[in-house]
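# Observations on the model geometry
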Amino acid sequence: LVVLGIETSCDDTAVAVVRSDGEILSQVVSSQADLLVKYGGVDPKMAEEAHSQVIDQVVQEALDKAYMTEKDLTAVAVTIGPGLSLCLRVGVQKARRIAGGFNLPIIGIHHMEAHALVARLIEKDLQFPFMALLISGGHNLLILARDLGQYIQLGTTIDDAIGEAYDKLAKWLGLDMSRSGGPAIEELAREGNDKSFNFSIPMKQHKDCNFSYAGLKTQVRRAIESKKIDAKIPISSASYEDRMSRADMAASFQQRIAVLHLEERCERAIQWALKMEPSIKHLVISGGVASNQYVRARLDAVVKKNGLQLVCPPPRLCTDNGVMIAWTGIEHFRVGRYDPPPPAEDPEDFFYDVRPRWPLGEEYAEGRSESR
Ligand code: ATP
Ligand code: FE
């Protein structure tokens with residue numbers, strides 16, 4: 001099987017061609033970093049336009065790099081949610097045009113399922129059931145993957161996602177926003193002392209597996225004000241002392257608010273999951289924040305201590321990419337989960353449902369009583 005994967009749920013236009021033996025034949029990502037800087041975030045209408053401008057070219061490049069044409073494909077996989085509906089539609093329209101034109105089946109993909117399942121492409125021993133911690137710009141999910149398409153949500157964020165917290169802090173510390181905030185904070189944190197600010201770990205008193213990063217606004221903002229850090233002064237022009245207090249803040253945030261919080265929730269989730277599925281051997285971390293080396297190292301230790309093994313895709317497969325969409329398409333296709341080719345004469349004839357909000361699996365019902 002050879003599957004083309006298309007991803008346009010947020011600000012990256014990403015396309016890849018993947019074969020069922022796990023060989024990545026090509027991958028292309030066109031990112032909208034310049035727009036992010038200009039508008040200080042993702043504007044759905046702008047993002048839609050940017051996707052529309054590059055989608056044909058990105059698909060063509062992915063096919064060329066794989067030395068293929070549409071005729072060589074078995075199927076087309078495309079993200080149908082969750083995400084920005086205007087953006088999702090650009091990818092879905094393109095997928096339907098290709099599928100209609102070349103009589104190919106089409107596979108609608110859940111973006112977060114793809115973040116988790118791409119780990120099975122790189123780790124062939126990764127069998128169901130397994131656990132996944134998905135940490136990205138829009139999500140903070142702890143899930144138990146019992147089987148393909150069977151997911152139980154052990155925890156989620158009650159407000160912001162961890163990636164958003166990284167991005168926000170990067171802005172407040174005047175870091176270079178020409179790329180996303182996460183890598184900039186990770187880098188700066190290496191210069192700082194993580195014990196400088198005794199930020200409290202979120203939701204310590206809640207004995208469940210949910211996350212919260214809204215406290216960041218009060219805790220960290222207050223510290224920023226007391227140190228008189230001015231985001232309008234870019235870090236490159238800050239005095240040595242100013243730079244160091246920004247670095248200390250990045251390190252303390254990363255150590256206490258970001259990572260200790262993840263560790264604590266993961267340990268509890270492992271206990272919950274083992275009760276349901278005692279044969280679990282792996283915990284996957286994926287999503288943009290999982291490309292952080294510090295996050296990886298710390299979670300690796302916690303997961304090992306609890307008798308499991310950590311599986312973490314390489315950074316390029318942690319942030320948004322077309323490979324994860326194509327691979328998840330392959331997984332679904334193998335078990336017969338796909339839609340027939342759309343009519344060639346008018347591939348966009350009927351409305352293809354995009355699902356901007358789309359929970360991954362059901363909530364763990366016992367979570368509430370166990371947390372008491
Ligand atoms: P979602 O998957 O929830 O829809 P998304 O697709 O926008 O969101 P991803 O591309 O998976 O998110 O991840 C982007 C996020 O990852 C950004 O918030 C970014 O700051 C964060 N990130 C990327 N690299 C790092 C890093 N090294 N350290 C911390 N955070 C990082
Ligand atoms: Fe993502």
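Summarised in this report is the structure supplied together with it.

The rules behind the values
- Residues numbered from 1 in each chain as written.
- Chains lettered and ligands numbered in written order.
- Predicted model: local features only at pLDDT ≥ 70, side-chain atom pairs only at ≥ 80, totals over all residues.
- Near = placed C-beta within 6 Å.
- Helix = DSSP H or I, 4+ residues; strand = E, 2+ residues; numbered from the N terminus.
- Nonpolar A, V, L, I, M, F, W, Y, C, P; charged D, E, K, R; others polar.
- Pairing = 2+ DSSP bridges.
- Contact = placed C-beta atoms within 7 Å.
- Axes fitted to C-alpha atoms, helices over the stretch in contact; angles between N-to-C directions.
- Buried ≥ 20, exposed ≤ 12 C-beta atoms within 10 Å, placed from the backbone.

Right, let's talk about the site of ligand 1 for a bit. Taken together, 23 residues lie near ligand 1, and Gly137, Gly138, Gly163, Gly182 and Gly288 sit nearest. For the shell around ligand 1, the element with the highest residue contribution is helix H6 (residues 181–189), accounting for four residues. Its residues assigned to classes, the shell around ligand 1 shows four nonpolar, 16 polar and three charged.

In this model, glycine 81 is joined to proline 82 through a cis peptide bond whose omega is -15 degrees. If you trace the backbone, proline 82 turns up in the loop between strand E4 (75–81) and helix H3 (85–102). Cis rather than trans, the peptide bond between phenylalanine 128 and proline 129 has omega equal to -5 degrees. With phi around 55 degrees, tyrosine 67 is a residue other than glycine that occupies positive phi space. Within the fold, tyrosine 67 resides in the loop between helix H2 (44–65) and E4.

Overall, mixed pairing links the six strands, which are arranged E10-E9-E6-E7-E8-E11 in an open sheet. Bordering the open sheet on either side are strand E10 (309–311) and strand E11 (362–363), each of which pairs with just one other strand. Pairing of strand E9 (residues 282–286) with E10 involves three bridges; the strand directions are parallel. Across the sheet, the residue bridging to valine 284 is valine 311, located in E10. Docked against the sheet, helix H4 (residues 111–122) engages strand E6 (130–135), strand E7 (140–147), E9 and E10, running at close to 125 degrees with respect to E9.

Looking now at the pairing of E6. Of all six residues that make up E6, six are buried, and the element is covered over most of its length. Residues of E6 alternate between two faces, with Phe130, Ala132 and Leu134 on one and Met131, Leu133 and Ile135 on the opposite face, all of them buried. Relative to E7, E6 runs antiparallel, the two sharing six bridges. Along E7, the bridge assignment pairs alanine 132 with isoleucine 143. Taken together, E6 and the strand that follows it, E7, pair antiparallel across an intervening segment of four residues. Across four bridges, E6 lies against E9 in parallel orientation. The residue of E9 that forms the bridge with methionine 131 is leucine 283.

Sheets are built from strands that pair by backbone hydrogen bonding, the pairs being arranged parallel or antiparallel. With mixed pairing, the five strands of this open sheet are ordered in space as E3-E2-E1-E4-E5. Only two strands of the sheet have a single neighbouring strand rather than two, namely strand E3 (24–31) and strand E5 (106–110). The sheet shows a mean angle of 20 degrees between the axes of neighbouring strands, direction not considered. Examined bridge by bridge, strand E1 (residues 2–7) and E4 share four bridges and lie parallel to one another. In the sheet register, glycine 5 faces E4, and the bridge partner there is alanine 77. On the sheet, H3 packs against E1, E4 and E5 and is oriented at approximately 160 degrees with respect to E4. Strands in contact with H4 are E4 and E5; relative to E5, the strand with the most contacts, it is inclined by about 85 degrees.

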